[in-house]
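Working through the structure, step by step
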Amino acid sequence: MDQESWLSCEKTAVLQGGFLLANQLCQPAPLSALRKEDWERVGRPIVQAVTEICGQLCGGNQDRLQWRKRILCIIWSKVLGTEKGEDVDINWKENPLFVVQNSLPDINHAVLFELVKSMGFFSVYVDLLQCFQSDEQCKELERLVKHVTSDCTEEDVKFLLEVWWELMKERREELDSLDQLFNIQCARWTQKPSDCSPQASKRFKPDPESATSSMCTFSILFQGLNNIKENITSSELSYFGLSNCLDMLYTSYLLDHATDLPVEVKVQNIARSVSLKKRNGLLEGDDLTQAIREAQRDLAATLTPAQTKPSEMTLIQAMQTVLGIICSWEVKGLLKMPTHDPSDLAIRLKDGLCRVLKSLEPFSENLDENEQALISLKKTLKDLLASSSFTVPESPSTEMESVVMDILDNNLKGFQDLPKLYASKLSQTFSEAEWLSCLERNKHAFLQKDLVMTLSSTLIAKCHSDADVNQAKKLKDIIVDIFSQLPLPDKNAALSKILSLSKKGLHGCLPSSVTAGYDEEVNLAFNSIIQNGAKSSLSSAVSAVARVAFQNPEATLYRCCHMAVVNLGAHALLAQILQQLPGLRSSPGDTTEMRNKEQNLLCICLQATAWDKLSSPQEEDQFLQFLSALMEPSIVGQTEEKISFLPPEEVIHAFILPYFSSSTSSSPSLELCLRLLQCILSHISSDDATPWIMSCSPFPLLYCLAQLLNNCSRCWEQPVEGSTVLSVEHKGLLISILTTLGKAVGKEVALAPGTWSRAISWLYGKAEELDWTVRFHLKEVWGEHFKYEVPSSLMAVCELSEQEWSGLVLPHYGQGTGLLAWVECCCISDHFQAAMLDSLSLNLLNSDEVLMFSKGLMVAVLQTLPWCTTGEWERLLQMLCKLLHSDKLHVPYSLEYVDFLPLLDLHAFAVDLRLSVFLLRLFQLLCGSSCADWLPPHGWAHVGRLCAAAMRGIIDSVKDKVPLPPTATSSKSPESSSGVLSKEVLFVLTQLFCHVVHVQVMMPGQPEPLFLCALEILSNYEAVLAAYPKSSTALQGANTRHFLTTIADNVQCTDMRAVLHQKIAHL
């Protein structure tokens, strides 16, 4: 209801009628001259009108409270206006209440006070009293005290004590519209003549001399009670008055800071207060919430220090006043305490006595002339406390239950710790059904990780005490719902805590009857995530996984691992989800200690669901990609450092070390271990420190890897039954892993060489039994501790520094094997290749020496080729090109594939052609009878791939020497493309085609990569011819097609031959 409507409604008419009738009864004197003793005769119509307005005409309790304040606001404003005698012409403009006030007769403060006293509107009166500025508030309070002390009755005493008690409490709420309206009126009626006129501020501003108000209020109330103490004849009022005195004394002088009671004590006190009010019929209607708020205000009033301290009345003076009041009432026997069934005022007095006595203990009794007052007061209060032999009754459990639930239901302020109490202790004392129902209604009040864990502990305790299964399941569902609404950081904290209880989380502590239905929930969650894929938001997917993980982390991770491997593409999304849930990681701390206790849960799940069950290359790839993503440092740790969900060292301990043994591992597991180890090491940056690597048994691991690399030299031998089968692909992996791991370990060793000296010596000693080339890959580990050790025969063909290199007498490297060792060194790394080329001893002025070197080099490359990895073969080709460019390698180009030498400039292609011929001669030797039994079929397939790779490199080099336009329409004629080597390129491509087909025909099995290489040459020939059509005449083209066809006729495979013929025909 807005202001205009309530100012002119039926209720204001009833109020007007009551006042007009009272004015008639007051004749011949006006109502503004009403005396206190005349109220009984005159005030009845007013009381009846107000009772009717606040009773029958109001719909609810809140409406009644509003109308009480409206009525007092109207009447008090009328009183102020009457006393000030303001001009009507000004009043109707500035006073919003003018309409209703103008219809009332003039009245005085006596009418106001008597109406408040008759109706019991004490709290409303104080609300409006606090709208005055401090000095005016003090004056109004003085008027009240003067009124009640005149012809004082017990009703007057109660009036004063109720107002006093309300003044000690905090305001119920912020200023409402009525308070603000009355504020404006107070400012108007109380402003001084010198104040700004109508434009003066209408909002209440605290007076800088507010200390005067506190002094004034304190002394006025104390003195007022002291003046009427003889008029009190009932024990209840005596309890009330003394309680007010003690509480004000305590909060004004003895209390320095607010006392924060434990929430359980606070709720018990409130429940007891509510219970007593119900018993005494003081609780209006069924508004339990309002009663709780009032009890909370009562409690806070005695535990909060006064905002300002009295300045004119000392503590001793206040104690003397209190002592006088007590003595007066004790003589009359008014302070005799009940022995049982105490009232709420008696309980309040006992509490006040305890507080004051406890606060007075620290005071020294050596206070000179004031010593006697302190001693007397302490003795008197102790005697009073001793006489209160009654036991403060506990509130009924039902009352406690209703109070707590009402606080939660209405989200009342000041009870921040109540949810924790409710989740733990109160769960044992309250009705199970009601407790659960309230918890379900108020889930929002429990949205804290600690409360979730408290509720979980309560659930576990209930299940261990044979709780009802249905109730336990309902509680579990509520807890999971609350957990699901937590912010992500709190979810992770809760997950970490629940994981510390059991790897099965909450379900690890609950009976199966309570966890029934979980499997269906997990299926639904993950099926939804997989089916929706990228369509669903990551946050909702994370929330769904967190929900099931909180119930059972182990089962959730099992499902994650399984689906990441078997569902195509699911690994990336599931890795993203887990990275958002670091709470499922292992507990932070010393990894060694953690491993000794228990293995990482995710690793356990991966071992159980995937490691031994990978059935296809796709599953292996997804498994490795899943682990790689989880090892990516994407989680911000407590010290702001980036950490990974799955630490690499834990993966090494879980997967690599147990399986990485050539004597116990099967080939598939070993290959997967190698790929996994390479994946782990790929996360090592050259700039990052990796101290964790030293906790992973790095020296035994390096030796094991070196052993395997050493055994790769037998990759083409017939495997012994039960032994590990190693391939050239394994060799490539091993070299890559050894290089990366060696650098990481070497960096850590360099930081503390003394710490690792024994381990390095052990590794060096163990490596002495391995091939000398394998030890080169460990040089990064032992650094400057040992020299490069090579066969002595190498020293004969190289000029190597004896400070860094030393020769070894090896049985397989006798005289004449220097070039073989030299070629093997060139394969190891770019660094060693550069060293070998720089140190090569070759006299270019001696043609015989160059020829011998060239022949010896071909034999050395032949002996090395079959055991080369792709990387090693690329280095060998690079070395051959450098030797050709520097004329150290002599490879004469033969004309066996041409009938006549065309008049072309082939200088630009000299290296390409000679390298191709070198490869042709090399494979002629390899495919000859002397080497026929070197390789098994898969060995020939390997060298075929290496040859094809080499020829593709040559083809690319040739293509780079002639520009090809992007489209055929932009073709240039030879005349417009002067200097373009298109004819030369066509000739070189025909030569390369012949070389490739020749090698393919010679090689057992005629490897498919060489066939594809031949097709690629024809495609490039076609592209150049299309770009430069005048590079070949029609006759030349026909001759070329015939020539290429005769070469292709040598291919034994019918299908391959037919494809080549078809391709040639389209040239």
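Preceding this paragraph is the structure being described.
Notes on the structure in this doc start here.

Rules of the game
- Residues numbered from 1 in each chain as written.
- Predicted model: local features only at pLDDT ≥ 70, side-chain atom pairs only at ≥ 80, totals over all residues.
- Heavy atoms only, no water.
- Helix = DSSP H or I, 4+ residues; strand = E, 2+ residues; numbered from the N terminus.
- Buried < 20%, exposed > 50% of the residue type's maximum accessible area, 1.4 Å probe, protein only.
- Contact = heavy atoms within 4.5 Å.
- Areas by Shrake-Rupley, 256 points an atom, 1.4 Å probe, with all protein chains shown as cover.
- Polar contact = N/O pair within 3.5 Å; in protein donor to acceptor, adjacent residues only side chain to side chain.
- Axes fitted to C-alpha atoms, helices over the stretch in contact; angles between N-to-C directions.
- Parallel < 35°, antiparallel > 145°, perpendicular 65-115°, else oblique.
- Left-handed = near helix turned anticlockwise from the far one by under 90°.
- Nonpolar A, V, L, I, M, F, W, Y, C, P; charged D, E, K, R; others polar.
- Phe/Tyr/Trp six-rings, centres within 6.5 Å; stacked < 30°, edge-to-face > 60°.
- Lys NZ or Arg CZ within 6 Å of the ring centre and 35° of its normal.
- Pairing = 2+ DSSP bridges.
- Core = buried A, V, L, I, M, F, W, Y, C linked by side-chain atoms within 4.5 Å.
- Expected span 1.5 Å × (residues − 1).
- Arc of directions from axis to C-beta.
- Salt bridge = Lys/Arg side-chain N within 4 Å of Asp/Glu carboxyl O.

Scanning the protein chain for helices and strands turns up 52 helices and four strands. Counting over 1067 residues, the protein chain shows a buried share of 51%. Looking at the protein chain alone, contacts between residues at least 24 apart form 78% of all its contacts between residues at least 6 apart. Of the accessible surface of the protein chain, which amounts to about 48700 Å², a share of 51% is contributed by carbon and sulfur atoms.

Before going further, it helps to examine the side chain of Ser-252. Relative to the assigned elements, Ser-252 resides in helix H14 (residues 235–254). Taking relative accessible area as the criterion, Ser-252 reaches 6% and is therefore assigned buried. Of note is the side chain of Ser-252, whose polar atom sits 2.9 Å from the backbone oxygen of Met-248.

With that settled, the discussion passes to the packing of helix H15 (residues 263–279) against helix H16 (residues 288–301). Their axes nearest at 9 Å, the elements H15 and H16 cross at an angle of 120 degrees. With respect to H16, the axis of H15 lies oblique. As H15 packs across H16, the resulting crossing turns out to be right-handed. Within the contact between the two elements, H15 uses Lys-266, Asn-269, Ile-270, Ser-273, Val-274 and Lys-277 and H16 uses Leu-288, Ala-291, Ile-292, Glu-294, Ala-295, Gln-296, Asp-298 and Leu-299. Across the contact of H15 with H16, the residue classes tally to seven nonpolar, three polar and four charged.

Our next topic: the packing of aromatic side chains. Taken as a whole and judged by the stated rule, the model has 33 aromatic pairs. Geometrically, the ring pair formed by Trp-76 and Phe-132 is tilted, given 5.3 Å between the ring centres and 50 degrees between the ring planes. In this pair, Trp-76 sits in helix H5 (residues 61–84) while Phe-132 sits in the loop between helix H9 (122–129) and helix H10 (134–149), placing the two residues 56 residues apart along the sequence. An angle of 75 degrees between the planes, with centres 6.3 Å apart, marks the rings of Trp-822 and Phe-853 as edge-to-face. Of this pair, Trp-822 sits in helix H43 (residues 818–828) while Phe-853 sits in helix H45 (residues 847–864), and the two are 31 residues apart along the sequence. Three or more aromatic residues joined by ring pairs form one cluster here, namely Trp-76, Phe-113, Phe-122, Tyr-125, Phe-132, Phe-159 and Phe-182. The side chain of Arg-355 reaches across the aromatic face of Tyr-250, ending 6.0 Å from its centre. Cation over ring: Lys-462 sits above Trp-435, and NZ or CZ is 5.3 Å from the ring centre.

Moving on, we come to the pairing of strand S3 (residues 788–791). In this structure, S3 lies alongside strand S4 (residues 805–808), joined through four bridges in parallel fashion. Note on S4: the bridge partner recorded for Tyr-788 is Trp-805.

This part is about the nonpolar core. If you look at the biggest cluster of nonpolar residues, it comprises 143 residues, and the most contacted ones within it are Leu-418, Tyr-422, Phe-446, Phe-550, Phe-623, Phe-660 and Leu-705. Ignoring anything within four residues of it in the chain, the contact list for Phe-446 reads Leu-408, Pro-419, Tyr-422, Ala-423, Leu-439, Leu-451, Val-452, Leu-455 and Ile-482. By size, the runner-up hydrophobic cluster in this structure holds 109 residues, among which are Leu-72, Leu-97, Val-100 and Phe-132.

Our next topic: helix H51 (residues 1034–1048). A rise of 1.5 Å per residue sets the reference length of H51, with its 15 residues, at 21 Å; its end C-alpha atoms lie 21 Å apart and thus fit the reference within 8%. Of all the residues in H51, the buried ones are Gly-1037, Thr-1040, Leu-1044, Ile-1047 and Ala-1048. Burial along H51 is one-sided: seen end-on, the buried residues are contained in an arc of 95 degrees. Of the exposed residues in H51, those oriented more than 90 degrees away from the buried face are Ala-1034, Leu-1035 and His-1042.

What follows concerns the pattern of salt bridges. Considering all chains together, one arrives at 42 salt bridges under this definition. When the shortest N-O distance is used, the salt bridge between Arg-297 and Glu-166 registers 3.4 Å. Remark: Glu-166 occurs in helix H11 (residues 154–168) and Arg-297 occurs in helix H16; sequence separation between them is 131 residues. When sorted by exposure, Arg-297 lands in the same class as Glu-166, which is buried. Lys-379 is paired through a salt bridge with Asp-383; the nearest N and O atoms lie 3.2 Å apart. Taken as a pair, Lys-379 and Asp-383 lie in helix H19 (residues 371–387) at a separation of four residues, close to a single helical turn.

Moving on, we come to unusual backbone geometry. Note the cis peptide between Gln-27 and Pro-28, where omega equals 10 degrees. Note on placement: Pro-28 falls in the loop between helix H2 (10–25) and helix H3 (39–42). Positive phi, close to 50 degrees, is recorded for Ser-697, a residue that is not glycine. Looking at Ser-697, the relative accessible area reads 35%, which means it is partly exposed.

Where H51 meets helix H52 (residues 1054–1065), the axes come as close as 10 Å, and the angle between the chain directions of the two elements is 175 degrees. Put simply, H51 runs roughly antiparallel to H52. Contact residues: Arg-1041, Leu-1044, Thr-1045 and Ala-1048 in H51; Arg-1057, Leu-1060, His-1061, Ile-1064 and Ala-1065 in H52.

Within the secondary structure, Asp-151 is located in the loop between H10 and H11. The exposed category is assigned to Asp-151, whose relative accessible area is 54%. Once the C-alpha coordinates of Asp-151 and Ile-228 are considered, the two residues, 77 residues apart in sequence, prove to be 9.7 Å apart.

Bringing the environment of Pro-658 into the picture now. Within the secondary structure, Pro-658 sits in helix H35 (residues 648–659). Pro-658 sits in the partly exposed class, given a relative accessible area of 48%. Each C-alpha atom, one on Pro-658 and one on Cys-673, is 9.9 Å from the other, the two residues being 15 residues apart in sequence. Once residues lying within four places of it in the same chain are set aside, the contact partners of Pro-658 are Ile-652 and His-653.

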